[in-house]
Amino acid sequence: MSIENCKIIEFPKILDERGNLSFLEEGKHIPFEVKRTYWIYDVPGGEIRGGHSYYRNQEVIIALSGSFDVVLSDGEQERRFSLNRSYYGLYVPNGVWRSMENFSTNSLAFVVASEFYNESDYERNYQKFKNAQVVRL
Ligand code: TYD
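Computed from a prediction, not measured in an experiment: that's the story for all the values here.

Enquirer: Looking at this structure, how should I read the pairing of strand β8 (residues 78–83)?
Expert: One face of the sheet, then the other: side chains in a regular strand alternate in exactly this way. Bridge count between strand β7 (residues 68–73) and β8: six bridges; the pairing is antiparallel. Within β8, the position partnered with L72 by the bridge is R79. The antiparallel pairing of β7 with β8 creates a hairpin that spans four residues between the two strands, and G75 there sits at a positive phi of about 95 degrees.

Enquirer: Please explain the site of the ligand as it appears in this structure.
Expert: Around the ligand lies a shell formed by R36, Y38, I40, R49, G50, H52, Y117, Y122 and R124. One nitrogen or oxygen atom from the main chain of G50 is found 3.0 Å from an oxygen atom belonging to the ligand. Contact between the ligand and Y122: an oxygen atom at 2.6 Å from a side-chain N or O atom of the residue. Alone, the ligand offers 530 Å² of accessible surface; in the complex the protein occludes 62% of this. Residue classes in the shell around the ligand are distributed as four nonpolar, two polar and three charged.

Enquirer: Explain unusual backbone geometry here, please?
Expert: Only a minority of non-glycine residues have a phi that is not negative, and only a minority of peptide bonds are not trans. The phi dihedral of N102 falls on the positive side, at around 60 degrees, and the residue is not glycine. Mapping N102 onto the fold places it in the loop between β10 (97–101) and β11 (108–113). One non-glycine residue with positive phi stands out, namely N106, at about 65 degrees. Looking at the element boundaries, N106 is found in the loop between β10 and β11.

Enquirer: Looking at this structure, how should I read the nonpolar core?
Expert: The nonpolar side chains of a soluble globular protein tend to be buried, and buried together. Ranked by internal contacts, the top residues of the largest apolar core, which has 21 residues, are I61, F68, V70, L72, L83, L90 and M100. Of all elements in the fold, only β4 (36–41), β6 (59–65), β7, β8, β9 (88–92) and β11 reach the threshold of two or more residues within this core. Broken down by element, the residue count for this core peaks at three residues, all from β7. Discounting residues that sit within four places of it in the chain, F68 has contacts with I61, I62, A63, F81, S82, L83, M100, E101, N102, F103, L108 and A109. Counting nine residues, the second-largest nonpolar core is a separate cluster that includes V60, I62, Y91 and V112.

Enquirer: Is there a simple way to think about the sheet that holds strand β1 (residues 7–10) in this case?
Expert: Whenever strands of a sheet pair, they do so through backbone hydrogen bonds, lying parallel or antiparallel. On the basis of which strands lie adjacent, the open sheet formed by five strands has the order β1-β9-β6-β11-β4 and antiparallel pairing. Where the open sheet ends on each side, the last strands, each with one partner, are β1 and β4. The mean angle between the axes of side-by-side strands here comes to 25 degrees, regardless of whether they run parallel or antiparallel. Examined bridge by bridge, β6 and β9 share four bridges and lie antiparallel to one another. Paired with I61 across the bridge in β9 is L90.

About the thresholds
- Residues numbered from 1 in each chain as written.
- Predicted model: local features only at pLDDT ≥ 70, side-chain atom pairs only at ≥ 80, totals over all residues.
- Heavy atoms only, no water.
- Pairing = 2+ DSSP bridges.
- Helix = DSSP H or I, 4+ residues; strand = E, 2+ residues; numbered from the N terminus.
- Near = heavy atom within 4 Å.
- Polar contact = N/O pair within 3.5 Å; in protein donor to acceptor, adjacent residues only side chain to side chain.
- Areas by Shrake-Rupley, 256 points an atom, 1.4 Å probe, with all protein chains shown as cover.
- Nonpolar A, V, L, I, M, F, W, Y, C, P; charged D, E, K, R; others polar.
- Core = buried A, V, L, I, M, F, W, Y, C linked by side-chain atoms within 4.5 Å.
- Buried < 20%, exposed > 50% of the residue type's maximum accessible area, 1.4 Å probe, protein only.
- Contact = heavy atoms within 4.5 Å.
- Axes fitted to C-alpha atoms, helices over the stretch in contact; angles between N-to-C directions.

Spelled out as structure tokens, the structure:
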């Protein structure tokens, strides 16, 4: 999948002096059926998460708290998205290599996923990922 298919989704924002509220709904804000969510927290400074791609799984990644960067590659182009607002989500289709880095202290990455956890859906070898992209082109 090309990096051009990755996009920022803006969630609704209900501004209130008692505190703001955002939400997401399957079908409306998330472009796939949601099967799973997971979250990444307590990331020590300098750590990198998620150097892999998925064969089927699509995701929307949200910085619910703090900030971090998502670095995406389709084997040709690379793009970095800095996430630092809880009302933005980054849509990452299957077949895109991604890693997450520059986590701020107390950041919370919330991920909405289209598939149940399945280790065989991961490609963790960048060279194999790249070769598969070339075959597809
Ligand atoms: P992994 O996806 O490799 O983390 P990251 O890409 O952020 O480095 O997952 C780390 C471990 O957690 C791995 O052993 C699998 C397990 N895991 C689950 O059991 N269920 C899940 O939904 C996820 C995302 C991971």
